[in-house]
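Breakdown of the fold
So the chains spell out like this:
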Amino acid sequence: MSGSTALPQNGSAALPLRITPALFLSGRRARKVVERNILVYRRGWVFFVSGFFEPFFYLLSIGVGLNKLVGHLPLGGHTVAYTAYVAPGLLASSAMNGAVFDSTFNIFFKLRIAKTYDAMLSTPLAPTDIALGELAWALMRGSIYSAAFLGAMAGFGYVLTPWAILCFPAAVLTTFAFAGVGMAATSYMRSWQDFDKVSLAIIPLFLFSATFYPLSVYPAWLQVVVRCTPLYQGVAMIRGLDAGLFSWSILGHAVYLGIMGVVGLGVTARRLATLLLP
Amino acid sequence: MPGSEELSRVTSTLRDGEPMVSAHGLVKRFGDFVAVDDIDFEIARGESYGLLGPNGAGKTSTMRMIACMSPVSEGTLRVLGMDPATDGARIRSRIGHVPQEDTLDLELTVLDNLMIYGRYFDLPRRVIRQRAEALLEFSQLADRAHDKVEPLSGGMKRRLTIARALVSEPELLILDEPTTGLDPQARHLLWDRLYRLKLQGVTLVITTHYMDEAEQLCDRLAVMDRGKVAAEDSPAALIARYSTREVVELRFSPTENEAMAAKLDGLVGRLEILPDRLLLYTDDGDGTLAEVHSLGCHPDSSLVRRSTLEDVFLRLTGRSLVE
Amino acid sequence: MTVPAATRAPVPDPGPQRTRRRMATPPWARALGYWLYQYKRTWRGSITTSFLYPVLYLSAIGVGLGSLVNHHAHTVDGVKYIDFLAPGLMAATAMQIGGNEAMYPVMGAIKWMRTYFAMLATPLGVVDVLIGHLAWIALRLTAVSAIYLAIMALFGTVHSPFALLAIPAGVLTGMAFAAPIAAFAATQMNDAGFSALYRFGLIPLFLFSGTFFPVTQLAGWLQIVAEATPLYHGVALCRALTLGHLDAGPDVAHGTYLVALTVLGFALARRSFRRRLVT
């Protein structure tokens, strides 16, 4: 355990201090973690490529199906077709789903089953490197999928203004937030059964975060609840940017997601240290 | 149903003096690959029979055919007087199988693994519970009965697999490498348990690539290599037939092996050159070692020991048992 | 070997239970027993989600999105959107459960946990192992469909006493996926094929087989493709039963299609299980 043996003596109190600067400093070693993932993933490229089809199917289904049933919806003083209304919501939720999948399922497997991290920590890599590396990996994959989704949106003509290009960084930020928290949650999971709880958290977010229709459909109290939930931040931010509706609230959503990701990352690095270097 | 047969019917399939297992011209092919190549053997009731050989010798394929889990490609095989091709389920209801890789349900408890396995034999729950209690005691797992299997040690899992195979009170127990991967203490504990079963009259068929295991457990052994039986007899008889009483092991620096072997040529009837040592087969080890020294050879270390099955295997196949 | 018969038994205590005759449990039911044992561990979470997900989906899509549909298109195929949607979701859920239970658990029982091999070392045969597993999936589907129907009733979307038959219809829909997918799973060396099956099979079916909107909205040829899929027939059957809009000809055709697919899937699964498990 060379290189990382210093950690336990430092104790958990010293860890947060290491993490913040580490965000910028340990990138080179974290890259090794990414390299390993790419190596493993090269064999699964069919799986990777097939992931592009899912948003395409969703957009197509809503375009030919629900669009006709729902009609137009109000957005920022205009009315827009249902497809244009719902597409940013789907982009945000696909960013969430992808991030959660990468950061829970995959990481649980490596942490508990394949013991990949135990092997990594017997090299100069430290827990922070692993956390950063996995997060970078989730961001890379999430970015590619988000870009493809945005491309499909534009292709179908569901994009509202040229500002929609800003939806890309917004989707990546959404990925960051959920990947960070997802990894932190994974470090507390004990068995595959715990993944039922992940679905239990994700499905209500997916269904109720103003993804499919405006908040005004809900009673007032539910609107307040939804406004506090994480996916709503991503949905509202991406939908606002797509329509070119700039306001301070967009900055608010961004800060919410940024804090969520950083806290998740910090907790993850600390948890990995206690789990793997007891 | 086979699992609920009466005892009287259980013994009726085997005529007096008929072996528990008999194989004649037995062949197992996987596509073009011949895993078991025309072998013959018979195993008597109450006997403990071993298949000794390195990985890939065809031991597991043979065992899976006896366990009626793998169809015979050619030749005849009879287990408990029945044909596995037509009476597989009836045979399996009376044998216990310990596969090479454990097939335990890791997420169920120790006790539930025994319960569900007993149910496959259609034993009443009450009966399984009684037997499970005794078996957990027997396999020293009583205090872990309600723990999940996953965190158990390798030795504990192996003992549980054996206990599970015994829940149907089989007449024939088939064990495929029962102690591979276990530490010495766990192995000795398992050997002790298997010996007790043998004393109770259970017929054992064991594969192993450990010569000490084979010597300890088996009344009779078939030495297997590349799908064939190279020799078959009791461990002592095999050693007497294929080796000398004692062996002198000489270690020189690796580069000197060939030169020293040339120098010692003619000293003993048989001399083997291994990568790390020379083996001199002789009936008087100390005498031979004295002669080695008098010839001016001074090994870095030397050892006089009794012949083992390892020497038999080397003689029969020209290769070491454990690579 | 001339030992007297009485001492031949390995453990010389046959016990009274061995001589008493009792009805034998069929071998496939013993294999089913394994899955019931397994379920002891997970039933709480499983039952909770079986109740919760219908409630979430029906309130978010049925009530929430439904309010927009009612406002704009008023009705779908002549009924309120939630009445249209609920039986579709019930069938789609059955598809998902049937498919899921036939993917990872089958692979796990072959590769990871090797449960099937443990069973095959006992008097159980390959067909017993297969029927036992499929019977377990059918039981799961029965519970899930019954719960779904109960939730639908709470949302006021059950309009006919025939709706009770939607439970077997849901089971049949699930089995029409489970049997062929089990056949497929037994041929797979790793789980990569399952993702492909999800992405190019189950998800497109979920989106285009009449669950969320009538297939008549699809372009001509796409409509024909959608109507050829098993989920379409499951959705149509469940919908006819819960709405009480029965029409003997098409409904019998839907049922026959699903039964035929289940039987075909079983035959294929028997073959692929034999190939994989008996070597």
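Residues numbered from 1 in each chain as written. Chains lettered and ligands numbered in written order. Predicted model: local features only at pLDDT ≥ 70, side-chain atom pairs only at ≥ 80, totals over all residues. Heavy atoms only, no water.

**Overview of the pattern of salt bridges**
All names here are of chain B. Stated precisely, the cut-off is as follows: Take a side-chain nitrogen of Lys or Arg and a carboxyl oxygen of Asp or Glu: if they are within 4 Å of each other, that pair is a salt bridge. Secondary structure counts use DSSP, requiring at least four H or I residues in a row for a helix and at least two E residues in a row for a strand, with both numbered from the N terminus. The buried label goes to any residue with under 20% of its type's maximum accessible area, the exposed label to any with over 50%, and the partly exposed label to all in between, with areas taken from a 1.4 Å probe on protein chains only.
Evaluated as defined, the whole model comprises 31 salt bridges over all chains. The closest approach of N and O atoms between Glu177 and Lys59, which form a salt bridge, is 3.7 Å. A residue pair is termed long-range when its members are at least 10 positions apart, and Glu177 in the loop between β6 (172–176) and α7 (184–199) and Lys59 in helix α2 (residues 59–66) qualify at 118 residues. Of the two residues examined, Glu177 and Lys59, each falls in the buried class. Taking the shortest distance from any N to any O, the salt bridge between Arg305 and Glu249 comes out at 2.7 Å. Separated by 56 residues along the polypeptide, Arg305 in strand β13 (residues 301–306) and Glu249 in strand β10 (residues 246–251) bring together distant segments of the chain. Since its relative accessible area comes to 19%, Arg305 is described here as buried. The buried category is assigned to Glu249, whose relative accessible area is 10%. Residues participating in the shared-partner salt-bridge network are Glu249, Arg251, Asp276, Arg277, Arg305 and Asp311.

**Regarding the confidence of the model for chain B**
Any segment with low pLDDT has predicted coordinates that should not be analysed in fine detail. To be explicit about the condition: Confidence of the prediction at every residue is given by pLDDT, a number between 0 and 100. The contact criterion used is simple: two residues touch if any of their non-hydrogen atoms lie within 4.5 Å.
The predicted model of chain B has a mean per-residue pLDDT of 89, with 95% of residues at 70 or higher. Between residues 1–11 of chain B, whose pLDDT stays under 50, and residues either more than four places distant or in other chains, the model counts 28 contacts.

**Digging into the environment of A:Gly157**
Within the secondary structure layout, A:Gly157 lies in the loop between α7 (127–156) and α8 (167–186). With 38 residues separating them in the primary sequence, A:Gly157 and A:Ala119 have C-alpha atoms 48 Å apart.

**Focus on the side chain of C:Thr157**
The residue C:Thr157 is located in the loop between α5 (126–154) and α6 (166–185) in this model. Of the residues examined, C:Thr157 reaches a relative accessible area of 0% and is grouped as buried.

**Overview of the sheet that holds strand β12 (residues 278–282) of chain B**
Residues and elements named next belong to chain B. Quick reminder of the rule: Strands are treated as partners if at least two bridges between them are detected by DSSP. Where helices are involved, their axes are fitted lines through C-alpha atoms of the stretch in contact, as for all axes, and angles between N-to-C directions lie from 0 to 180°.
Taken together, the four strands give an open sheet; going across it, the order is β11-β12-β10-β13, and neighbouring strands pair in antiparallel fashion. The sheet is open, and its two edges are formed by β11 (270–273) and β13, each paired on a single side. The average undirected angle you get between the axes of adjacent strands in this sheet is 20°. In terms of strand pairing, β10 meets β13 through six bridges, oriented antiparallel. Among the inter-strand pairings, Leu250 is bridged to a residue of β13, identified as Ser302.

**Re the sheet that holds strand β4 (residues 74–79) of chain B**
To summarise the sheet geometry, strands pair through backbone hydrogen bonds and adopt either a parallel or an antiparallel arrangement. All names here are of chain B. If you trace the three strands from one edge of the open sheet to the other, you get β2-β1-β4, paired in antiparallel fashion. Edge positions in the sheet fall to β2 (33–43) and β4, since each has one partner strand and no second. Shown here is a sheet whose adjacent strand axes are inclined to one another by a mean of 25°, direction ignored. Note: strand β1 (residues 21–30) against β2, eight bridges, orientation antiparallel. Residue pairing in the sheet places Ala23 in a bridge with Phe41 of β2.

**Digging into α2(B)**
With seven of its eight residues buried, α2(B) lies for the most part within the structure. Looking at the residues trailing α2(B), positive phi occurs at B:Cys68, about 60°.

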